[in-house]
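The chain contents come next:
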Amino acid sequence: MNHLKTFILLAALTALFIGVGYWIGGAVGMAIALVVAGGLNLFSYWNADKIVMKMYRAQPVDETHPNGVVRTYVADVVRMAQDAGLPRPVIAIIPSDQPNAFATGRDPAHAAVCATTGLLDMLNRDEIRGVMAHELAHVKNRDTLTMTVTATVAGAISALANFALFFGGDRDRPGGILGTLALMILAPMAAALVQMAISRSREYEADRVGAEIAGDPHALASALEKIDAHARRIHNPVAERNPASGQLFIINPLAGKGADSLFSTHPATANRVKALMALGVGMGRAQRPAKAVFTAGRTSVPTTAALPKGPWG
């Protein structure tokens, strides 16, 4: 259903684009807008991992890192990627006190997954695995490609609306100049709403696939509750300066509302937790008590004798 919803929303964006072009009446202007928006988004698509990681000062890490928690984090991501049949992604940490994580890259062969130091500080090992499995699910589902397509079409719609400001559109059409002004305001807003709806849809799907990869929906549900509770209170200055990047994170890094509103890029955490708990019941998983933690430098995670395997091994 989530894939079908995404397809329908993409079709809606395309229809909106065609409708805006028809209203303005400029086939040449429509083509120019599409080429410009497509070129900008194509550049972003091919360089997404580099752009975003540099923006957030992400530092690639591996099994030789001096911090034991980071080494465990790397080992768990590597193992889950193997279980999911994915190439090893670039694994990085972000120097931020806000607990959060995201995935980027144009395809599984060029993917990167990043966790903040705040996330490694706050969550236990199983919860960290649940979060990173969610990010690997985004890689497996090729969500970056989907969002690039929506960004291209939505960008073209906004460009067309801006053209209407300078060229006035077709003044002979119903509404005249007032219709053109309404178009300038409503068309980009409608495109943004569709983008946000697609983003919410993909988060639910990544929760489901990520829970299967980690083999523990309850751990991801617990992690989401903790992240949501603390992310609201801990400022993320980079995300605030670049709000468009907020949709990348597992939890909205900006100040937001706790409901699935039209203007939210993320589903309500309570709704995601409810879906994960139901999935856990279906998988026969019982909720487990929190485990003791050990301290290793700046971060702490619990020791786990054996890790549960995902459905791929």
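Everything numeric here is computed off the predicted structure, so don't read it as measured data.

What follows concerns the environment of Thr104. As for its position among the elements, Thr104 is in strand S3 (residues 101-104). Distance from Thr104 to Phe249, taken between C-alpha atoms, is 9.8 Å for residues 145 residues apart in sequence. Leaving out residues up to four positions away in the same chain, Thr104 has contacts with Ala48, Asp49, Val52, Met53, His110, Ala111, Ala112 and Thr144.

Now for the environment of Arg88. Structurally, Arg88 is set in the loop between helix H4 (68-83) and strand S2 (90-94). Of the residues examined, Arg88 reaches a relative accessible area of 45% and is grouped as partly exposed. Counting along the chain gives 11 residues from Arg88 to Val77, while the straight-line C-alpha distance between them is 8.4 Å. Non-local contacts of Arg88, meaning those with residues more than four positions away in its chain, are made with Asp62, Glu63, Val74 and Val78. Of the polar contacts made by the side chain of Arg88, one reaches the side chain of Glu63; its length is 2.9 Å.

Let us look at the pattern of salt bridges. The final tally for this structure, using the stated rule, is nine salt bridges. A salt bridge links Arg88 to Glu63, with the shortest nitrogen-to-oxygen separation between them at 2.9 Å. Here Arg88 is found in the loop between H4 and S2, whereas its partner Glu63 is found in the loop between strand S1 (59-60) and H4, with 25 residues between them in sequence. On the accessibility criterion, Glu63 (38% relative accessible area) is partly exposed. With its nearest N and O atoms 3.1 Å apart, the salt bridge here joins Arg208 to Glu212. Taken as a pair, Arg208 and Glu212 lie in helix H8 (residues 176-214) at a separation of four residues, close to a single helical turn. Its relative accessible area of 35% is what places Arg208 among the partly exposed residues. Among the residues examined, Glu212 registers a relative accessible area of 24% and is labelled partly exposed. Members of the salt-bridge network, linked through shared partners, are Arg202, Glu203, Asp207 and Arg272.

Buried within helix H3 (residues 48-55) are the following residues: Ala48, Asp49, Val52 and Met53. Projected down its long axis, H3 shows its buried positions confined to an angular sector of 110°, all on one face. Relative to its buried face, H3 has exposed residues pointing more than 90 degrees away, namely Lys50 and Lys54. Where H3 terminates, the next one or two residues include Arg57, which has phi positive at roughly 55°.

Summed over the entire model, instances satisfying the criterion amount to three aromatic pairs. Look at Tyr56 and Phe102: their rings are 5.7 Å apart centre to centre, the planes differ by 55°, and that puts the pair in the tilted class. Separated by 46 residues along the polypeptide, Tyr56 in the loop between H3 and S1 and Phe102 in strand S3 bring together distant segments of the chain. Of the two residues, Tyr56 and Phe102, neither departs from the other in class, the shared state being buried. Residue classification places Tyr56 among the buried positions, given a relative accessible area of 4%. Here a set of aromatic residues connected by ring pairs shows up, and it is made of Tyr56, Phe102 and Phe249.

Right, let's get into unusual backbone geometry. Here Arg57, not a glycine, exhibits a phi torsion of approximately 55°, which is positive. Inspection of the secondary structure assignment puts Arg57 in the loop between H3 and S1. Residue classification places Arg57 among the exposed residues on the basis of a relative accessible area of 54%. For Arg142, which is not glycine, the phi torsion reads 55° and is therefore positive. Topologically, Arg142 is positioned in the loop between helix H6 (125-140) and helix H7 (143-167).

Basis of the calculations
- Residues numbered from 1 in each chain as written.
- Predicted model: local features only at pLDDT ≥ 70, side-chain atom pairs only at ≥ 80, totals over all residues.
- Heavy atoms only, no water.
- Helix = DSSP H or I, 4+ residues; strand = E, 2+ residues; numbered from the N terminus.
- Contact = heavy atoms within 4.5 Å.
- Buried < 20%, exposed > 50% of the residue type's maximum accessible area, 1.4 Å probe, protein only.
- Polar contact = N/O pair within 3.5 Å; in protein donor to acceptor, adjacent residues only side chain to side chain.
- Salt bridge = Lys/Arg side-chain N within 4 Å of Asp/Glu carboxyl O.
- Arc of directions from axis to C-beta.
- Phe/Tyr/Trp six-rings, centres within 6.5 Å; stacked < 30°, edge-to-face > 60°.

It is worth stressing that arrangement in space is one thing and function is another; only the former is reported here.
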